[in-house]
Every structure is written in C-alpha cells, then in structure tokens.
Amino acid sequence: MRLSKGGLIDRSETFEIRFDGRRIPAHPGDTVASALLAAGERLVARSFKHHRPRGIFSAGAEEPNALVGVGRGSRHEPNVRATVQEARPGLRLASQNRWPLLSVDAGAAADLAKPLLGAGFYYKTFMWPKAFWEKVYEPLIRNAAGLGRLSGRADPDPAEKRTRDCDLLVIGAGPAGLMAAREGARAGLRVVLAEEDFLLGGRLLAERETVGGVPGAEWAEGVRAELESLGVRVMARTAVFGVYDHGLYGALERGPGGRATLWRVHARRAVLAAGAIERPVAFEGNDRPGVMLAGAARAYLNRWAVAPGRKAVVFGAGDDAWRTAEAMAAAGLEAVIADARPVSALGPAPEGVKLFAGTVVSGTRGRLGLREVRLRSDRGERWVQADLLAASGGWSPSVHLSCHHRGRPVWDAGVGGFVPGADLPPGMSVAGAATGAWSTHAALRDGADAGRAAAEALGASVGAAEALPEAEDAPRRFAPLFLVHGAGKGAYVDLQNDVTVADVRQAEEEGFGAVEHLKRYTTLGMATDQGKTGNVLGLAALAQATGVSMGDAGTTIYRPPWTPVPISAFGGDHRGEAYRPALEAPSHAWAAARRASFVDSGAWKRAEWYVRGRERGWRDSVDREAALVREAVGICDVSTLGKIDVQGPDAAAFLDFVYANMMSSLAVGRCRYGLMLREDGFVFDDGTVARLGETHFLVTTTTANAGAVMRWMEFVRQGLRPDWDVTLISATDQWAQVAVAGPRSRTLLERVVAEDVSDAALPFMGWRDVTVGGVAGRVFRISFSGELAYELAVPARYGGALMERLMAAGADLGVAPYGTEALGVLRIEKGHAAGAELDGRTTAGDLGLGRMLSKKKDFLGRALAHREGLTDCERPALVGLRVVGEGALSAGAHLFAPGAGRTAAEDQGWVSSVAWSPAIGGMIGLGFLARGAERMGETVTASDPVRGRETDCEVVSPHFVDPDGERLRG
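Conventions adopted
- Residues numbered from 1 in each chain as written.
- Predicted model: local features only at pLDDT ≥ 70, side-chain atom pairs only at ≥ 80, totals over all residues.
- Heavy atoms only, no water.
- Helix = DSSP H or I, 4+ residues; strand = E, 2+ residues; numbered from the N terminus.
- Buried < 20%, exposed > 50% of the residue type's maximum accessible area, 1.4 Å probe, protein only.
- Contact = heavy atoms within 4.5 Å.
- Lys, Arg positive; Asp, Glu negative; His and termini not counted.
- Charge placed at Lys NZ, Arg CZ, Asp CG, Glu CD.
- 1 Å grid on protein atoms, 1.4 Å probe; cavity = no way out; pocket = protein on both sides within 12 Å on 5 of 7 lines; lining within 4 Å.
- Points joined across faces, edges and corners; volume = space filled by probe spheres on them.
- Nonpolar A, V, L, I, M, F, W, Y, C, P; charged D, E, K, R; others polar.
- Pairing = 2+ DSSP bridges.
- Axes fitted to C-alpha atoms, helices over the stretch in contact; angles between N-to-C directions.
- Parallel < 35°, antiparallel > 145°, perpendicular 65-115°, else oblique.
- Left-handed = near helix turned anticlockwise from the far one by under 90°.
- pLDDT = per-residue confidence, 0-100.
- Core = buried A, V, L, I, M, F, W, Y, C linked by side-chain atoms within 4.5 Å.
- Salt bridge = Lys/Arg side-chain N within 4 Å of Asp/Glu carboxyl O.
- Arc of directions from axis to C-beta.

Asks: Can you break down the overall build of the chain residue by residue, with the values?
Replies: Per the secondary structure count, the chain includes 22 helices and 50 strands. Along the three orthogonal principal directions, the C-alpha set of the chain runs to about 110 × 75 × 55 Å. Residue burial in the chain is summarised as follows: out of 970 residues, 56% are buried. For the chain, long-range pairs separated by at least 24 residues make up 65% of all intrachain contacts whose partners lie at least 6 apart in sequence. For the chain, the distance from the average site of its 114 positive side-chain charges to the average site of its 115 negative ones is 4 Å.

Below, the structure written as structure tokens:
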C-alpha cells in the first residue's frame, strides 16, 4: 500500500520491524502505524471490554485503538501508540489483549454477550451472591483487567530526570508554535519549544500546502534552523503532559532509541499551541478496522506516502472530508464523498470523486476489516464496497493543558467545539487551532501575536512586527456532526473501552446523567487516550438524551497527564540502592576495615558496633564499648548529625522564632541546646546551636530529621518570614565530626590539637577554632553520653585520617571506637531523649523540658503548645525504668499498675527505649508514664503481648548515671 512517490520518508534506506513475528518493511521517517498500513496490516488490536477487532484510527497522540507492545524481555513496554512510535531497525512489536491469535481471539466471545454488558453492568452483576465476590468475581476481574502486560523485570534503561528553566515554553510546533517561538527568541527570551512528534510542522506535515511559497514541511525546517541559531532549545519527541503550580510543566522526552527523560520545565510564560483533534462520527459499525479519521487518512497519504485504502468512502459535513477525497483521487485511488449537508450547501464534487449529498453512513460490514458501507439519504439506502471509511465530524481544540488548574473550557458554536475558558493557568496563553483558529494564516498570526505578547510581558524589547508568510486563509465550511440518527448499541463513542451511544443513553435513564457520573458509570474517556476522540461524542449523546445544549452539558475536569506517561518514568533510576541512596560517613572505609557492623540511620550507613578479638555477639561488643566510654575514652563518628549554617542580619531573630528557647542571647563562642516545636505544639526536633559570629550560627539536628528540619526552616524563611534577611545552607556533608568522650577525653584532645582546650579556655557548652595536624577545624564541648566529651570537626575529606590520628594518639589511654548501639546505651543511662522519644506525639512537658518554652518571645508552636490537653498533669511524662529481678524489657511494651487489667482503659503509658547497662549492671529503659514525675519508687508492669513478656519495673529518674552532671563539667 506504499505509494510510488511523495511523502517525507527516506526511501534510500529500508529496514525491517516485526509485528507478531511478521516482517514489516519500513523507512526512516515511518511510524509503526504507517509501516503497518503500508504492509497492508489493517487488524492491529482488540478492544478492551468486548475484544472487538480494531484497526489504526488516527495518526497522532489521540489514537484509541492501535496499542502495541514494544520490545522484548526486560525492555518490553506495553500499550504504546503505534501512531507515535517511530519505526527503527529491529523493532519488535506484539499485539495485545488477545489469545491465542489476533485474528482468532477467544476473548471475542465477550462480544456475543454485549447485550448483557451495558453501562454499569459490573455494579449490578457483582453484588450477588455475596459469597462469590472473593472467590469468583474478584479473580475474574483481575484476570481481565488491563490491556498489555509488563515484563515483571527491571528495566535496564531507566528514565532520566532533568530540570530546565526558560522564559518562554512553547507547547506544540505547528505553525502557531513555530511563530511564537521565533518571536520570543528574536526578542531575546530563553525559549524552549516542545513537540511530541519527531518532526516539526504539525498539520503542515500532513497537508499539501505552501507557506511563504515553499512546501509547509520545508518552511518548518527553515524556521527550526533559525530557532536553533537563536539558541532556542528545540525538544522534539517531547510531550508536555501536565501544568502544575508556579510555572512548572511536566514533559516526557523519548529519545530516538526509546530512552525516556522526565523533564521538569520551569517557565515564566507559556504559549499553548497544541492544535486540534479531529472528531469521529458515531454511526452503527464505526469501530471496524478500516474506519479512520479523515485527517489521518490524509496524513498517511501526504506525509508517509501510504494508501490507507484503495476504495474509500469519505464521510462528513465539512471541507475536511472533501480535502481527503481530493487527496485520495490525486493519489490514483477511488473515493466517494458522503456529505450530510444538503446539495444546496455544496459546490461541485472534486474531479474524479463521486458525491452523495444529504447522505450519512448508517452501517458497515466486515468481520476483521471493512468491506462495505451503507449510505442513507432521503432517497433510501445503498451498500457500497469500500476498504476505507474516512470520517470527519469536525475538530476539537486541544484545550486539555489549559484546564489543568481546574479551569473549564467553554462551548463555541462558531468553532464547533470547546475552546479555552478565561481561567487559564498563570502565565499561559493559547494560540492557533487550540483556540479554533482553523486556517494556516490565522495560526501564524495567532502564534506571532502570542510570542510577542509573552516577550512584552517579560519586559523584553520587541521590534516592529514583520509581515507574515503567505499561507492558506480560506474560511472553513462545516456543520458539526456528532451522531447519525438511529445510532445505538453498534455506534461507539469510546473505541478502546467499548462505550456506545446506547450506554450513554442508558446511564442518563438510570440517573447518571451528570457528566462526571456518566464518565464513571460508563468508563467513557477513562481509557489510555483519555477521551481525546470520544469524549465530545459522548457529551453530544448526553446532550441529545437530556435535551440540553453542548455548553450546558459541560465537560469533566481535565487532570494531568494529558498523554500517557509510564509510571517507570516517574520513578526513573530511583530503585534498588538508588531508590534510597546510602550515604557513607567520612570514616566509613576506616570503620569497615576495623570489622564494624553497619546499620541504616536515616539515609546514612553508620557503624553500630566494632567486633574485637573473640567477641561472639553484638552484646559483647556493645557492653565493652559503653564501659570504655565511662572508664577511659572512646571515639565515635557523629558526622551524620544535620548541620545547617545560618547567616544574616536577622539570623538571631529567625532562630528565636524557630526554637522554643531563646537563641539571640547566646554569646559568640558558646553553644546552647535547642528544642524545636511543630506548629501544633508537639516537639519536632532537638539539637544544638553554636554562635560563630554576631550574625553567624551553626545549627545541629538529629540524623533522621536533618532533611526535614532543613525543609521546615526554609519554609519558615520563605513563607512565614520572607522579609527577614537570613540565609540557610546545609553543611552536613561539609564536615566530618568525631565525638571524643570519657574521663580521658581532654588528655587525648590535647595531643591532637594545637590550641588550649583546658576547662578555662573551653568550658562546657563552648566552642573554638582549632588546628589538627595543620588542618583548620572546630571543637565543641558537648556531651551526649554524660561524660566529659567533645566533638571535633574537620573538613569531610579528613574524616578517616582524623579517626586514625586519634587512635594513634590515644593508644596508651585505651582509646577505641564505639558505635551507635553503645551511643544509645550511654544516652539512655543519661536520660537523653532521642528519636524514640521525639516521635511526634510528645510535648516539651512530657520530656521534662517544659521550662525551655520561653515566655519572653514568640516562637512556632507557642500558642498550641499551651492547649489544655497538652498541659494536662495526667499526661504520660518521661521516666526511667529499672527492671526488678531478671526479667527482659522491650521497647513498645505498655505500662500498667500491678494487678490491673490489660485493657486500653487501664493503660498508663509505654516503654520507648531499652538497653542493658554495664554501668547499672542490669536492664533499664525510658518510657512515658501517667503522672510520672510523682511516681518515683513505684512498681509498674511492662506488658508486651507480642513477645509474651510481663516484666515488673521500678519507676526511677531517667538520669541513671551522674544525675548532677558532675562528670561532663569536669
């Protein structure tokens, strides 16, 4: 079916693709659809519900029928539209939704049951008997669901994710889009031009018309060359699928080999020049292979030099049907026109074309492909032989992206379709056929005006407008045509989901006449084409059934994505280890070489303990490390703590607002523990603040909350206090930080730093600049263990070397590394709250930190922190728990009075953290107990029904070791 000449394909090269194992010849420039049609393949798919034969229906992104599986094995992608998939050498394709063969499909038995499968049949059928749902209905539905099938294997070519900024985003590269991009670029704007097709030109590629005296495709290539010379980023094979807040647009780019890139495009202005989509006509038998949109038939003839049929009936009520018939005749093919308009509204038929005026198509024949078409007029009916029925009911502007901010399109009777409403996304304008400007000249004018207006809105200098190139500007004669009288169960409006005109009428009769209800009751527009060809037909059927106008019938709400996007593209390469990248502390390699066991802590891999000698289990290592810190000196990499550098004239005021306690009174050279609340008054995070200068602070956060705190502080800066002059930078990765803790820690520190670190020079909660082996760093006198302790910070690349130097300098002091498990034991012994206690449900009062809520200033969470429920004296408060006897204690256990029932009403609290304490010589824990501060010395029972444990505990102070803090101040 390939024509001997013409088209935009490269005939100098021929290659093969395969469809269901059959060899299909193709040329560069072909799509899969054009190659299949050229090879005479008319049957390419089966419909979803009825498994009816389906052929190629369109020539673009609106295709509802020709969905194929592309690729094999792990590279298999289902539900790809053959009309937009570029043909390339060796491409493997498979038909879908059929068994065992496309031409002999057992699922077609569903078509025989069509009378029973009307609108909403699933709501009515699967209600009874109730016992059938789990064992019969649900397995049946799950087995039938979907069209193509995923391979189930990991994609070896995951999508990339990239971001691009521009002044002007132009969506669509037809005449309007090309002019908008050119005018914007000439004004000096940074322009991105996105086009889903692999060639620029839009409908110019499908027509035999000239622009500026040259063929339309040639003119488009000339404009492309100019755009690229002006620095425009031309993104072919790129579909913009969504419009989001703040000028953000989602776009999917397909490389020539199929590799996808998901783009986030930030644009100050956008011009939507997405063109229009031709509408089919609903008549009996309008779904057979061989029934096609008239504009698509013209595209296959003119762009791909493919005859979609040899004997065609062209049906419509407008000039587009006539243009297709003329193109068929010019290619030496046989064509007749069936025009629904009366003869008085028509001129003479094109040369070589027979005209049937006042005639509609009322039926078709052909099992796996069209064979005959029934024509009906006032003079009666007749059957004519045809292998192609090209229908045109008019054109619908592509308004979808203009409605993604919940705007609604409006019906324009003059255009014969819905056009963009006044409520456009901020910064967007619409040009060309997307507004109903049908002629090429009108599209060129619209696009140029939109590009110049965008440039002026952005303050660019715009010169005098140049004369537009000469182009077709004839008025379009048409009469919108939706439904043929008498259309019913055999007249399809949604070809993929098998929704008929009769289904729409039935939905209205059963009370589902509202457009949103109609969509869900019939599944109209819920297929992969999102109703691009069928929705307006369905609305017309609804309007006819309810007796209202098209405008009053309205539309559903358009939502992203407007064109299918594989879920894998949103995931990209974020899978496996890349789904949650494991960050390694600066001393990771050093620790691994010393038999460290690692654990995930937030996004980091942290050493949880170090195995020495013949230690057989983790307890041996952890007990040794915890005792070491209490008796000598240990070192621990704490680089993973969040570090946020805060600078600016308003930095002190900003920290006062973010933290519950006062930070502006902190002296330079000093540190302070800080408590951060959420807006609802609950504790969000804790950490330290060091004042490095009058307008310079360093904030530390917990490891797990580092990212969340940074986001929160940035939100406060931008959203709540945008008038304050303050800058935040995450410095977590910049510094390696090592805790040096234990009675001998000062001695060790003095051996590795050049500066004085005596108690007088560096008091508790102080900091100073130091030099370690010629490297500038800082030392903070902070203790999380309750012992004399410091945190030594150097640039991150020296983390491993710092650990090595400390080990060498402290060999005679008994120094050894300790991990997070020992760190947990030490902090529980000291009563320090951590993640288990800061779980989002606790208040400052619950933690015994109520006095930290400043009464001298405002801060986030202040108002709601004083709600009655949050200050109730009956609330569970932090306590220490010491096991009585030899029992085991587990985190998550609930606390009850001895002898009380194990019911929610008797529940008095819970255990948050537990540890075996070498210093105490037994099992201890932290927990929250109702009126905990008043109940020291009482016995409570920790009940853990999951593990079958019941353990009696004595309620004690959470400060098990050195409650007066003498050691850390020594």
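More follows now that the structure is in view.
Asks: How would you summarise empty space enclosed by the protein if you had to cite specific residues and measurements?
Replies: This model, assessed by the stated rule, comprises seven cavities of 30 Å³ or more. The computed volume of the largest cavity comes to approximately 230 Å³. Elements with a contribution of two residues or more to the lining of the largest cavity: β25 (395–397), α11 (515–522) and α12 (535–546). When grouped by side-chain class, the residues that make up the lining of the largest cavity number 10 nonpolar, seven polar and two charged. Looking at the second largest cavity, its volume works out to about 170 Å³. Contributing to the lining of the second largest cavity are 17 residues, with Gly-318, Asp-320, Gly-394, Trp-395 and Phe-478 lying nearest its centre. A breakdown of the residues in the lining of the second largest cavity according to their chemical character gives eight nonpolar, five polar and four charged.

Asks: Please give an account of the sheet that holds strand β17 (residues 291–293) that cites residues and values.
Replies: Spatially, β17-β24-β18-β19-β20 is the arrangement adopted by the five strands of the open sheet, whose pairing is parallel. Each edge of the open sheet is held by one strand with a lone partner, namely β17 and β20 (354–357). The mean angle between the axes of side-by-side strands here comes to 20 degrees, regardless of whether they run parallel or antiparallel. Sheet topology places strand β18 (residues 311–316) next to strand β19 (residues 334–339); six bridges connect them, and they run parallel. When the sheet's bridge partners are listed, Phe-315 is paired in β19 with Ala-338. Its contacts with the sheet place helix α7 (residues 294–302) against β17 and β24 (388–392), and it is angled at close to 85 degrees to β17.

Asks: Provide a residue-level description of the pairing of strand β35 (residues 642–647), including the pertinent values.
Replies: Look at any regular strand and the pattern is simple: side chains alternate between the two faces of the sheet. Burial analysis of β35 places five of its six residues in the buried class, the great majority of the element. Of the pairings in the sheet, the one linking β35 to strand β38 (residues 696–701) comprises six bridges and is antiparallel in character. Pairing of Gly-642 across the sheet is with Thr-701, part of β38.

Asks: Residue-level account of the sheet that holds strand β36 (residues 671–677), with values.
Replies: Strand order across the open sheet formed by five strands is β36-β37-β38-β35-β39, with antiparallel pairing between neighbours. Across the chains shown, the open sheet's two edge strands, defined by having one partner strand only, are β36 and β39 (727–730). Neighbouring strand axes in the sheet, compared pairwise and without regard to direction, differ in orientation by 30 degrees on average. Packing against the sheet, helix α18 (residues 706–720) makes contact with β35, β36, β37 (683–693), β38 and β39, and its axis sits at approximately 165 degrees to β39.

Asks: Describe the packing of helix α10 (residues 501–509) against α12, and please don't skip the residues or the numbers.
Replies: Interhelical geometry of α10 versus α12 gives an angle of 45 degrees and a closest axis separation of 9 Å. Comparing their axes, α12 and α10 come out oblique. Viewed along their axes, α10 and α12 form a crossing whose handedness is right-handed. Listed contacts from α12 to Val-501, Val-504, Arg-505 and Glu-508 of α10 are Gly-538, Ala-541, Leu-542, Gln-544, Ala-545 and Thr-546. Looking at the contact of α10 with α12 residue by residue, the class counts come to five nonpolar, three polar and two charged.

Asks: Talk me through the confidence of the model for the chain; I want residue IDs and the actual numbers.
Replies: Taken as a whole, the chain shows an average pLDDT of 93; of its residues, 100% reach a score of 70 or greater. Mean pLDDT across the elements of the chain ranges from a minimum in helix α3 (residues 121–125), with 72, to a maximum in strand β9 (residues 191–194), with 98.

Asks: Give a description of the nonpolar core that names residues and reports values.
Replies: If you look at the biggest cluster of nonpolar residues, it comprises 77 residues, and the most contacted ones within it are Phe-283, Tyr-300, Val-313, Phe-315, Val-373 and Leu-389. The contacts of Tyr-300, once residues within four sequence positions are left out, are Ala-33, Ser-34, Leu-37, Ile-56, Ser-58, Ala-59, Thr-83, Met-292, Ala-305 and Val-306. Among the nonpolar cores identified, the runner-up in size contains 36 residues, and Cys-636, Ile-828, Ala-915 and Ile-924 belong to it.

Asks: Give me the lowdown on the pattern of salt bridges, citing residues and values where you can.
Replies: Tallied over the entire structure, the rule returns 53 salt bridges. Between Glu-183 and Arg-452 there is a salt bridge, with the nearest N and O atoms lying 3.6 Å from each other. Linking Glu-183 in helix α5 (residues 175–186) with Arg-452 in helix α9 (residues 440–457), this pair joins segments that are 269 residues apart in sequence. The pair formed by Glu-183 and Arg-452 is uniform in burial state, with each residue classed as buried. A salt bridge links Glu-209 to Arg-323; its shortest N-O distance comes to 3.6 Å. Taken together, the residues span a long stretch of sequence, with Glu-209 in the loop between β9 and β10 (210–211) and Arg-323 in helix α8 (residues 319–330) at a distance of 114 residues.

Asks: Would you mind going over helix α19 (residues 745–752) in detail, with residue names and values included?
Replies: When α19 is considered as a whole, its buried residues turn out to be Ser-745, Arg-746, Leu-748, Leu-749 and Val-752. All buried residues of α19 fall inside an arc of 160 degrees around its axis, so they share one side. Against the buried residues of α19 lie β34 (634–637), β40 (735–741), β41 (767–772), β42 (775–780), β43 (789–795) and α20 (799–809).

Asks: An account of the pairing of β41 is requested, with residue identities and associated values reported.
Replies: Looking at chain direction, β41 and β42 are connected through six bridges and run antiparallel. Its bridge partner lying in β42, Val-772 is registered against Val-775. What sits between the antiparallel neighbours β41 and β42 is a turn of two residues, in which Gly-773 has the positive phi angle 55 degrees.

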